[in-house]
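Descriptive structure summary
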Amino acid sequence: MPATSELTYSPFSKAIFDDPYPVYRRLRTEAPVYRDPGERWWVLSRFADVASALRDWETYSSKLGPAPENPDDDGRKYSVISMDPPRHDRIRGVLKGFFTPRAVTAMEGALQRVVDHHLDRLTPGTTVDAMEAFAFSVPTDVIGDLLGVPHADREQLRVWWEAFLTRHEGEVTMPPSAIEANRRISSYIGDLIEARRTEPGDDLISIVLQATFHDPEIGDDRALTPHEVLMFCNLLSAAGSETTQKLISNGLVAMHDHPDQWQRIVHDHSLIPAAVNEALRYDTPSHWVARTLTRRVELHGVTMEAGDWVLLLLGSANRDERRYDDPDRFILDRPRGTDVYFGWGIHICLGQWLARREAQMVFEAVAKKFPNYAIGAHERVLTATVRGYTSVEMMLR
Ligand code: HEM
């Protein structure tokens, strides 16, 4: 795009979603507080601004939810992701011990079994669609095992989640197919919850059902309401698989495009955790989160009013040249500090350690079995916020 062309950014444009980085660069330089032409939201794109907004939940509220095209008007549409403290902290607290690094270490054996199951059946010398072969199924099985979703239903659930997130070119509203998918997911998870209510197991749904916490509003301990349980489990089932699928596939494409870095990984597996962090930064799965302002904010000479929507572009923050040297290259030895690919502040991704460990195990299996893999044709899916592929041709060698 020539520098003289008009600067327009829409999160729902397929052309931009296919390669958002040139537009992100222009936003950071020319309009760090960008106003959507339809006046629906502001867009912050610099790392420092995005990180400060993520930390300041009192000003940048999550109360109306993460999606301006589908606001949470009555506080019932989403779970913790559309709550502010103190409600947010109480519900999130129910599972805070479940996803810590130590808890994920305890899951190590189970995670490795899932990864081995999908990668051991692949044969060197063949060509596969990496999405179908393992990138869809590893995260879907990991969260499916944790939630106790029967094997036979997992692919259906994944397809519904993809339909829920998919958007049509240029359209801001949710398409009917996304609304219908959402209805089916809620109904399916609702049935699963009812089954656990009568027959509890050691899965996450049973843990959420049995948890109690102190609720100062009623001055007593209480369990989550049926609606709170449903929304929390819905969120886990989506967040647990969609983004991690993209991390795995975006990372494999990025490392294929940077063969010198990949060869270092092949010869030294201790670099894999750094490779996963760099994949999260370089081609991040979650491109933006949204907030609404609780008060007027002045930033870079621009005034945003209370009640306005603001998109925080994580995908742009991760490529900000003010924060990262040579940001458009995949560099394993990059010094690390605060990164915002999992968000930051009170809403920082609950499943970040789990997602990292899944991707690390997949990259390690590929490094061992297919050190000279190649990538062929790959096709992206247009979704609301999650950027990644729907198919990736991979030559296994
Ligand atoms: C590569 C994989 C993942 C990425 C890139 C990712 C990204 C994110 C981001 C950016 C947020 C912050 C949203 C906001 O600030 O509004 C978030 C929140 C969240 N994530 Fe993830 N996520 C991933 C995997 C997972 C997994 C595996 C789980 C669970 C099993 C999970 C569960 C959650 C939950 C429950 C929240 C809401 C936390 C809150 O509002 O307090 N995520 N994630």
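Whatever comes next refers back to the structure up there.
Residues numbered from 1 in each chain as written. Predicted model: local features only at pLDDT ≥ 70, side-chain atom pairs only at ≥ 80, totals over all residues. Heavy atoms only, no water.

Summed over the entire model, instances satisfying the criterion amount to 11 aromatic pairs. Among the aromatic residues, those joined into a ring-pair cluster are Tyr9, Tyr21 and Tyr24. Positioned over the ring face of Trp353 is Arg356, at 4.6 Å from the centre of the ring. (Phe/Tyr/Trp six-rings, centres within 6.5 Å; stacked < 30°, edge-to-face > 60°. Lys NZ or Arg CZ within 6 Å of the ring centre and 35° of its normal.)

Next up on the list: the site of the ligand. Contacts to the ligand come from 28 residues, most closely from His88, Arg92, Arg291, His347 and Cys349. Within the contact set of the ligand, an oxygen atom lies 2.6 Å away from a side-chain nitrogen or oxygen of His88. Between an oxygen atom of the ligand and a side-chain N or O atom of Arg92, the distance comes to 2.7 Å. Mapped onto the shell around the ligand, the elements with two or more residues apiece are helix H4 (87-93), helix H12 (226-239), helix H13 (242-257), strand E7 (288-293) and helix H17 (352-369). The element contributing the most residues to the shell around the ligand is H13, with 3 residues. Partitioning the shell around the ligand into residue classes produces 18 nonpolar, 8 polar and 2 charged. (Near = heavy atom within 4 Å. Polar contact = N/O pair within 3.5 Å; in protein donor to acceptor, adjacent residues only side chain to side chain. Helix = DSSP H or I, 4+ residues; strand = E, 2+ residues; numbered from the N terminus. Nonpolar A, V, L, I, M, F, W, Y, C, P; charged D, E, K, R; others polar.)

Bringing the coordination of the iron atom of the ligand into the picture now. What the protein offers the iron atom of the ligand as a donor is a single atom, Cys349 (SG), at 2.3 Å. Among the secondary structure elements, Cys349 is positioned in the loop between helix H16 (314-317) and H17. (Donors = N, O, S within 2.8 Å, 3.2 Å for Na, K, Ca; no water.)

Side chains Phe213 and Asp215 of strand E5 (residues 212-215) all project onto a buried face; the interleaved residues Thr212 and His214 project onto a face where none is buried. Taken together, the 4 bridges between E5 and strand E6 (residues 220-223) define a ladder with antiparallel strand orientation. Paired with Asp215 across the two strands is Asp220, which belongs to E6. Following E5, the chain reverses through 4 residues before pairing antiparallel with E6; Gly219 in that reversal takes a positive phi of roughly 70°. (Buried < 20%, exposed > 50% of the residue type's maximum accessible area, 1.4 Å probe, protein only. Pairing = 2+ DSSP bridges.)

Take the sheet that holds strand E12 (residues 388-395) next. Taken in spatial order, the 3 strands of this open sheet run E4-E12-E11, and their pairing is antiparallel. Only two strands of the sheet have a single neighbouring strand rather than two, namely strand E4 (127-129) and strand E11 (374-381). Taking the axes of each pair of neighbouring strands and ignoring which way they run, one obtains an average angle of 10° across the sheet. Note: E11 against E12, 6 bridges, orientation antiparallel. Residue pairing across strands places His378 opposite Val392, the latter belonging to E12. Strand contacts of H13: E11 and E12, with the helix running at about 50° to E12, the strand carrying the most contacts. (Axes fitted to C-alpha atoms, helices over the stretch in contact; angles between N-to-C directions. Contact = heavy atoms within 4.5 Å.)

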